[in-house]
Amino acid sequence: MLQVLMPKALAEMVGTFAMIFVGGGSSLLVERGIVPAFCIPIAWGLVIGLMIFAVGNISGAHFNPVVTLASVVTKRLPSSLVFVYWGSQFIGGLSAVGLLAILKKI
């Protein structure tokens, strides 16, 4: 079972990390005046599209706990995977926020 869960968990963690890092990072770049504000939605859209393309076939590319919950409610995802996905999303998002906090100080 671990051989099945590990790729899914890793895909969700990487996808969530990328989404939060690029999305939040674009906001920081706008805040510092490095890029114009219209780059924020472009960055979010590009990173989400890229991550869906990169890992969507592995985990379904949820990257968001609410999307995971909706998939369980609509029976597109087994309820046994909810906490695996949520944990991976939490770790990925927290890692991205931590890295952004470190980079913001630089």
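None of the values given here were measured: they were computed from a predicted structure.

Peer 1: Would you mind going over the packing of helix α1 (residues 2-31) against helix α4 (residues 82-105) with me for this structure?
Peer 2: For any two helices packed against each other, the geometry comes down to the angle between their axes and how far apart the axes lie. Following both chains from N to C, one finds α1 and α4 inclined at 30°, their axes separated by 7 Å at the closest point. Where α1 crosses over α4, the handedness of that crossing is right-handed.

Peer 1: Please clarify how α4 should be interpreted in this entry.
Peer 2: Owing to its 3.6 residues per turn, the α-helix aligns residues three or four sequence positions apart on the same side. With 24 residues, α4 ought to run about 34 Å at 1.5 Å a step, and its terminal C-alpha atoms sit 35 Å apart, in line with that. In this structure, the buried side of α4 is in contact with α1, α2 (39-59) and α3 (65-73).

Peer 1: Honestly, the pattern of salt bridges in this entry has me stumped. Any pointers?
Peer 2: A side chain with one charge may pair with a side chain of the opposite charge, provided their charged atoms come close. Going through the model one piece at a time under the given rule, you end up with 1 salt bridge. In this structure, E31 and K104 form a salt bridge, with 3.6 Å as the shortest nitrogen-oxygen distance. On the criterion of sequence distance, the pair formed by E31 in helix α1 and K104 in helix α4 is long-range, its members being 73 residues apart. A relative accessible area of 56% means that E31 is categorised as exposed.

Peer 1: I tried to follow a nonpolar patch on the surface on my own but got confused; where do I start?
Peer 2: On the surface, a cluster of nonpolar side chains totalling about 380 Å² of accessible area is made up of L99, I102, L103 and I106. Relative to the helices and strands, I106 is located in the segment after α4. You can call I106 exposed: its relative accessible area is 71%.

Peer 1: Looking at this structure, I do not really get the packing of α1 against α2. What am I missing?
Peer 2: Taken N-terminus to C-terminus, the directions of α1 and α2 make an angle of 175°; their axes are 9 Å apart at the nearest point. Considering their axes alone, α1 and α2 lie roughly antiparallel with respect to each other. Of the residues belonging to the contact of α1 with α2, the class tally is 16 nonpolar, 6 polar and 2 charged.

Cut-offs used in this document
Residues numbered from 1 in each chain as written. Predicted model: local features only at pLDDT ≥ 70, side-chain atom pairs only at ≥ 80, totals over all residues. Heavy atoms only, no water. Axes fitted to C-alpha atoms, helices over the stretch in contact; angles between N-to-C directions. Helix = DSSP H or I, 4+ residues; strand = E, 2+ residues; numbered from the N terminus. Left-handed = near helix turned anticlockwise from the far one by under 90°. Expected span 1.5 Å × (residues − 1). Contact = heavy atoms within 4.5 Å. Salt bridge = Lys/Arg side-chain N within 4 Å of Asp/Glu carboxyl O. Buried < 20%, exposed > 50% of the residue type's maximum accessible area, 1.4 Å probe, protein only. Patch = residues over 30% accessible without salt bridge, like charges linked within 9 Å, V, L, I, M, F, W, Y side chains within 5 Å. Areas by Shrake-Rupley, 256 points an atom, 1.4 Å probe, with all protein chains shown as cover. Parallel < 35°, antiparallel > 145°, perpendicular 65-115°, else oblique. Nonpolar A, V, L, I, M, F, W, Y, C, P; charged D, E, K, R; others polar.

So yeah, pure geometry; function would need other evidence.
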